[in-house]
Amino acid sequence: MTAADHHRPIVEMPPPLSLHWQGEDDAARFAARLAAQPGIANAFIALHGDLGAGKTTLVRHLLRALGVAGRIKSPTYAVVEPHQAPGLAIWHFDFYRFNDPREWEDAGFRDLFASPGLKLAEWPNNASGLIPVADIAIYIEAEDDHARHVTLQAHTPQGSAVLQGLNTP
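Each chain has its residues counted from 1, following the order in which its sequence is written. Where totals are concerned, whole chains, interfaces and linings use all residues; where local detail is concerned, this predicted model gives features only for residues with pLDDT of at least 70, and gives and counts side-chain atom pairs only at 80 or more. Side-chain numbers come from the whole structure's heavy atoms, not from hydrogens or water.

A.B. asks: Give a detailed account of empty space enclosed by the protein, specifying residues and quantitative values.
C.D. replies: Empty space among the atoms becomes visible once a probe the size of a water molecule is rolled across them. Within this scheme a cavity is a closed region of a 1 Å grid, computed over the protein atoms alone, that accommodates a 1.4 Å probe without allowing it to escape, whereas a pocket is open but has protein on both sides within 12 Å along at least five of seven lines; lining residues each have an atom within 4 Å of a point. Grid points are joined across faces, edges and corners, and a volume is the space filled by probe spheres set on the points. Scanning the model with the defined rule gives one cavity of 30 Å³ or more in all. The computed volume of the largest cavity comes to approximately 30 Å³. Contributing to the lining of the largest cavity are Leu 34, Ile 45, Leu 47, Leu 58, Val 59, Leu 62, Leu 120 and Ile 138. A run of DSSP states H or I qualifies as a helix once it reaches four residues; a run of E qualifies as a strand once it reaches two. Both are numbered from the N-terminal end. In terms of residue count, helix H2 (residues 55-66) provides more of the lining of the largest cavity than any other element does, three residues in total. In this classification, the charged set is Asp, Glu, Lys and Arg, the nonpolar set is Ala, Val, Leu, Ile, Met, Phe, Trp, Tyr, Cys and Pro, and all remaining amino acids, among them Gly, are polar. Its residues placed into classes, the lining of the largest cavity shows eight nonpolar, no polar and no charged.

Laid out in structure tokens, this is it:
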């Protein structure tokens, strides 16, 4: 038995938050609640789910709720799309086509993740080992064409504060 077996973690993370969305309106309402959380401003949120699960749709609703105007493109081919909301820099990453770790350094992603602002990453597993630990991981599972099961897991104290805020009515 190690010392770790005898001690509780220094920071207790809240249990995962489980949600059920019946359609895109539920995703939009959730995005508005998420956007209202103070800890979101400098958070890193990792989005997990199969193709078509609704990751990009959630990001679009979140960006609109944060005040981003104009066209919101998917970064599937560009890997990252920058956005600006009032007083907030936002970077939306999509690592679906990411396959060369040299791209990480060449593109300056390390600098982006180290800078202030909200970072949203789809397909984060394709850049594992390069990206930092997500404050919040969001897992979206399609149940049918409209319904989604969504699980949020905090991995940092900042993510924990956001989840606790979402649990407060």
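A.B. asks: Lay out the nonpolar core with the relevant residues and their values.
C.D. replies: Within soluble globular proteins, side chains that are nonpolar generally end up buried alongside one another. Buried Ala, Val, Leu, Ile, Met, Phe, Trp, Tyr and Cys residues that are joined via side-chain atoms within 4.5 Å together make up what is termed a nonpolar core. Using a 1.4 Å probe on the protein chains alone, a residue whose accessible area is under 20% of its type maximum counts as buried, one over 50% counts as exposed, and one in between counts as partly exposed. Core analysis: the largest hydrophobic core is formed by 34 residues, its most contacted members being Ile 45, Leu 118, Ile 138 and Leu 152. If we ignore the near neighbours within four places in the chain, the residues touching Ile 138 are Leu 34, Ile 45, Ala 46, Leu 47, His 48, Leu 58, Val 150, Thr 151 and Leu 152. By size, the runner-up hydrophobic cluster in this structure holds 16 residues, among which are Ala 46, Val 79, Phe 95 and Leu 112. Contacts are assigned to residue pairs that have any heavy atoms within 4.5 Å of one another.

A.B. asks: Quick rundown of the environment of Val 68? Include the residues and the values.
C.D. replies: Mapped onto the elements, Val 68 comes out in the loop between H2 and strand S3 (80-85). Sequence spacing of Val 68 and Ala 78 is 10 residues, and the spatial spacing of their C-alpha atoms is 19 Å. Setting aside residues no more than four positions away along its own chain, Val 68 makes contact with Leu 63, His 83, Gln 84, Ala 85 and Ile 90.

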